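# An overview of the molecular structure
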Amino acid sequence: MPKPVIIQKLFEVFRNLTDHKYFWPVFLIGGLAVCTTASVFEFLDLYLQLILVYVGINIILTVSLNLINGYMGEFSVGHAGFMAVGAYIASLLTVHVFPSAMAGILFPFAILAGGVGAALVGFIVAIPSFKTRGDYLAIVTLAFCMIVKSVLENIDAVGGPRGLLGMEKLTTLPWVFFWTVLSVWVIRNLIYSNFGRGVLSIREDEIASDLMSVNTRQVKIIAIVVSSFFAGIAGGLFAHALQFINPRMFDILKSTDILIMVYLGGIASICGSIIGAVIYTILLEILRPLGIWRMVLMPLMLVLLMIYRPRGIMGMKEALAFLPLGDRWTQKIWRSKKEATDASP
Amino acid sequence: MPLLEISGLTHRFAGLCAVSDCNFSIEPQELVGIIGPNGAGKTTIFNLITGVYRASEGSIKLNGRELVGLTPNAITRLGIARTFQNIRLFKELSVLDNVRIAHYGQIAYTPAEALLHIGRFRAEERRITNLALDLLAVFKLDGLADEKAKNLPYGLQRRLEIARALATNPRLLLLDEPAAGMNPNEIIQMMDFISWIRRTFSVTIILIEHQMRLVMGICERLIVLDFGATIAAGLPAEIQSNAKVLEAYLGEEVVL
């Protein structure tokens, strides 16, 4: 099926833009500057800022889930559970532990603590993944998600089913930008390393990968811990953007939302995850006036996408801008050296 | 001292005895063939040596070190690599990555360095990439380094699988039916190829094969299995006239 001309043009523009050698420096400095001025001088109205905050949080969630579902080829539906752990830990710290005058300064540590808490829980969830794969691991993560929700509902100290409130609105645009860039960068680094290649080989053929000296247990632990760490970070940011959380926010439906963004953007693609999260979040907002029909239209669009592009927008493809430069250089240097030795025998 | 020593090896699949009291040993630098009728337990022995299955009884020793109970990746790191009867490459990954993955055990940076791309990361990645490309060049696959493994023709996939196994730096290479699905011409090429690998990489090789032409042509010693037990072992010429072997193969045409 030939792609429509508009889409082709869009891809071309996108590629030319991201491959430019000053793309990353300009994007990072410019992005941080725009985010800071936008939140300090409020030249963007608060509603738009909130949407951008959600876009950032969803990018973190999507990229981190893609590590397990796309790159490792497992099917985890427990991502909302890790998010809940991060949200509750970060909120408890800023509301009850940190002195309220210091909450603003200590905010990054609260977020970090949420991420570490989620990572520890992720470590526990990684253990059943040694023995089970596919559908069975999906059931394990589903159970995990339900356990987190019911545990939170039954602890009165964190508000039980009523939830937790009293957080200040600490999640500002610059912070979201910072954490989003950090999570994308770290996960990209992981994928293009020895351990990342191990993650990919587990997806392709776990037994062969074990026989090719890949320590599959170590790789699984790293992938799940890193993924849940960033889910926890996203949870903390989410809690301080909404200023209110309750256990029902982190049920299986939230996990499904993240899954949709992963498969919409395309599995095993960081660029795809970002596109998926941006499109899904913004589309949901644009369609808000449709009220309840939004929930009819969105799934319908997904069905159409799966028919015409079953691997998602960027499935198994990556924009050049996300590939590490060092690796490309090493190969280039090796080739030119070989050509030189071949030419002069 | 033998490189590999197998004694009293027994493996049962819920009652079915796939390997029963199997004994043999392999000296360094040997090229040994394992033959036997279908279902004789040849591939099971490979799976036991490499740790895919855990032996019910008996012991497998590499240079005197017990392997039973170790995980496959630990055994590979001790110096045993293998290929598969039905090619098991990482199909969606590039040829280069297929080989780089096999270097997993030789990388000296920690997960933290990998996450931040700091410290030893860059130097190590450069080293591994160069090693992998050098190996691919030896196998004349370097021109296809960026190609996905699934896009290679069958013969090159077999070659890549052997290259990938050698990337783990093995002392003992197990080849499971390297000539499966090849025509007589390709079998002769494969024979030369296997002897060349042995010379170039100075590895000990055990191969399972049904193609008698190949087995008789290059193996120095043969081990014949039937119903999971060794029924004969010796030089190819001795095996050809062994009454027990002929009995095991009765009904099958043996092209010698």
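I will try to describe carefully the structure that is included in this document. The shown structure was predicted, so the numbers you read here are calculated from the model rather than taken from an experiment. (Residues numbered from 1 in each chain as written. Chains lettered and ligands numbered in written order. Predicted model: local features only at pLDDT ≥ 70, side-chain atom pairs only at ≥ 80, totals over all residues.)

## A few points about the overall build of chain A
Put simply, the rule reads: Each helix corresponds to a stretch of at least 4 residues labelled H or I by DSSP, and each strand to a stretch of at least 2 residues labelled E; elements are numbered beginning at the N terminus. Values of the radius of gyration come from C-alpha atoms, whereas the globule rule sets the reference at 2.2 Å times the count of residues to the power 0.38. Here a residue counts as buried when 20 or more other C-beta atoms sit within 10 Å of its C-beta, as exposed when there are 12 or fewer, and as partly exposed otherwise, the C-beta atoms being derived from the backbone. Whether two residues are in contact depends on their C-beta atoms, placed from the backbone: they are in contact if these lie within 7 Å.
Regarding its fold elements, chain A presents 14 helices and 2 strands. Taken over the C-alpha trace, chain A has a radius of gyration of 21 Å; the compact-globule value for 345 residues is 20 Å, and the two agree within 12%. Based on the C-alpha atoms only, the size of chain A along its principal axes is roughly 75 × 50 × 45 Å. Burial status across chain A gives 44% buried among its 345 residues. Residue pairs at least 24 apart in sequence account for 82% of intrachain contacts in chain A once pairs closer than 6 positions are excluded.

## Brief notes about the environment of Ser129(A)
All names here are of chain A. Looking at where Ser129 falls in the secondary structure, it is placed in the loop between helix H5 (103–126) and helix H6 (134–153). Among the residues examined, Ser129 registers 23 C-beta atoms within 10 Å and is labelled buried. For the pair Ser129 and Thr141, spaced 12 residues apart in sequence, the C-alpha separation works out to 9.6 Å. Other than its neighbours up to four places away in sequence, Ser129 contacts Glu74, Leu137, Lys220 and Ile224.

## Looking at helix H13 (residues 294–308) of chain A
Let me state the cut-off plainly: What a helix is expected to span follows from its residue count: subtract one and scale by 1.5 Å.
The terminal C-alpha atoms of H13(A) lie 21 Å apart, and with 15 residues this matches the ideal 21 Å at 1.5 Å per residue to within 8%. Of all the 15 residues making up H13(A), 0 are buried; the element is thus mostly uncovered.

## Remarks on the sheet that holds strand E5 (residues 65–66) of chain B
Hydrogen bonding along the main chain pairs the strands of a sheet, whether they run parallel or antiparallel. Residue and element names in this part refer to chain B. This is how the line gets drawn: Any two strands with at least two DSSP-identified bridges between them are counted as paired.
What the 4 strands build is an open sheet, ordered E2-E1-E4-E5; its pairing is antiparallel. If you trace the sheet from one side to the other, it starts and ends with strand E2 (16–26) and E5, each paired once. Here strand E4 (residues 57–62) runs beside E5; their pairing, made up of 2 bridges, is antiparallel. Within E5, the residue paired with Leu62 across the bridge is Arg65.

## Overview of the nonpolar core
What counts, and what does not: Only buried residues count toward a nonpolar core: Ala, Val, Leu, Ile, Met, Phe, Trp, Tyr and Cys, linked into one set through C-beta atoms within 7 Å. Throughout the structure description, domain borders are defined by an automatic or database domain assignment.
In terms of nonpolar packing, the biggest core is built from 166 residues, with Met83(A), Ala234(A) and Leu136(B) touching the most fellow members. With 14 residues, helix H10 (residues 216–242) of chain A is the single largest residue contributor to this core. When residues of this core are assigned to domains, at least three map to each of domain 1 (1–79 + 170–231) and domain 2 (89–164) of chain B.

## Side note on the packing of helix H4 (residues 79–97) of chain A against H6(A)
Residue and element names in this part refer to chain A. Using the following cut-off: Axis definition: a line fitted to C-alpha atoms, limited for helices to the stretch in contact. Angles are taken between N-to-C directions and run from 0 to 180 degrees. We call two directions roughly parallel when the angle between them is under 35 degrees, roughly antiparallel when it is over 145, roughly perpendicular when it lies between 65 and 115, and oblique otherwise. Basically, the charged four are Asp, Glu, Lys and Arg, the nonpolar ten are Ala, Val, Leu, Ile, Met, Phe, Trp, Tyr, Cys and Pro, and anything else, Gly included, counts as polar.
Put simply, H4 and H6 touch, their axes get as near as 8 Å, and they point 30° apart. In terms of orientation, H4 and H6 fall into the roughly parallel class. Residues Ala80, Gly81, Ala84, Val85 and Tyr88 of H4 form the contact with H6, whose own contacting residues are Phe144, Cys145, Val148 and Leu152. Along the lines of polarity and charge, the residues of the contact of H4 with H6 split into 8 nonpolar, 1 polar and no charged.

## Points about the packing of helix H11 (residues 252–265) of chain A against helix H12 (residues 270–286) of chain A
Residues and elements named next belong to chain A. To keep it simple, the criterion reads: Crossings are sorted by hand: turned counterclockwise from the far helix by less than a right angle, the near helix makes the crossing left-handed, and turned clockwise it makes it right-handed.
Contact pair H11 / H12: the axes reach a minimum separation of 7 Å and the direction vectors enclose 120°. By the angle between their directions, the pair H11 and H12 is classed as oblique. Taken as a pair, H11 and H12 cross one another with a handedness that is right-handed. Across from Ile260, Met261, Val262, Leu264 and Gly265 in H11, the residues of H12 making contact are Gly272, Ser273, Ile275, Gly276, Ala277, Ile279 and Tyr280. Partitioning the contact of H11 with H12 into residue classes produces 8 nonpolar, 4 polar and no charged.

## What to know about unusual backbone geometry
Its identity is not glycine, yet Glu42(A) carries a phi of approximately 55°, on the positive side. Within the element layout of this structure, Glu42(A) appears in the loop between helix H2 (23–41) and helix H3 (46–71).

## Quick look at the interface of chain B and chain A
Taken together, the contact between chain B and chain A spans 35 residues of the former and 30 residues of the latter. Broken down by secondary-structure element, the contributors of at least two residues to the side of chain B that touches chain A are helix H2 (72–78), helix H3 (95–101), helix H4 (111–116) and helix H5 (121–138) of chain B. Tallying contributions element by element places H5(B) first for the side of chain B that touches chain A, with 8 residues. For the side of chain B that touches chain A, the per-class residue count stands at 15 nonpolar, 9 polar and 11 charged.

## Concerning H3(A)
All names here are of chain A. What counts here: To get the bend at any residue, fit one axis to the seven residues that end at it and another to the seven that begin at it, then take the angle between the two axes.
An ideal rise of 1.5 Å per residue puts 38 Å on 26 residues; H3 measures up with 36 Å between its terminal C-alpha atoms. Along H3, the largest kink reaches about 35° and is centred on Leu65. Here H3 lies mainly inside the structure; 19 of its 26 residues are buried. In the stretch just after H3, Gly73 is the one whose phi turns positive, near 75°.

## Quick notes on the pairing of E4(B)
Residues and elements named next belong to chain B. In this structure, strand E1 (residues 4–13) lies alongside E4, joined through 5 bridges in antiparallel fashion. Each residue of the ladder has a partner; that of Leu4, found in E4, is Leu62. What sits between the antiparallel neighbours E4 and E5 is a turn of 2 residues, in which Asn63 has the positive phi angle 50°.

## With respect to the sheet that holds strand E3 (residues 31–35) of chain B
Residues and elements named next belong to chain B. Taken in spatial order, the 6 strands of this open sheet run E6-E7-E8-E3-E9-E10, and their pairing is mixed. The sheet is open, and its two borders are formed by strand E6 (80–82) and strand E10 (229–234), each paired with just one other strand. Geometrically, the sheet is characterised by an average inter-axis angle of 20° between neighbouring strands, direction not taken into account. Across 4 bridges, E3 lies against strand E8 (residues 204–208) in parallel orientation. Along E8, the bridge assignment pairs Leu31 with Ile205. This element, helix H1 (residues 42–49), spans E3, E6, strand E7 (172–176), E8 and strand E9 (221–226) of the sheet and lies at about 145° to E7.

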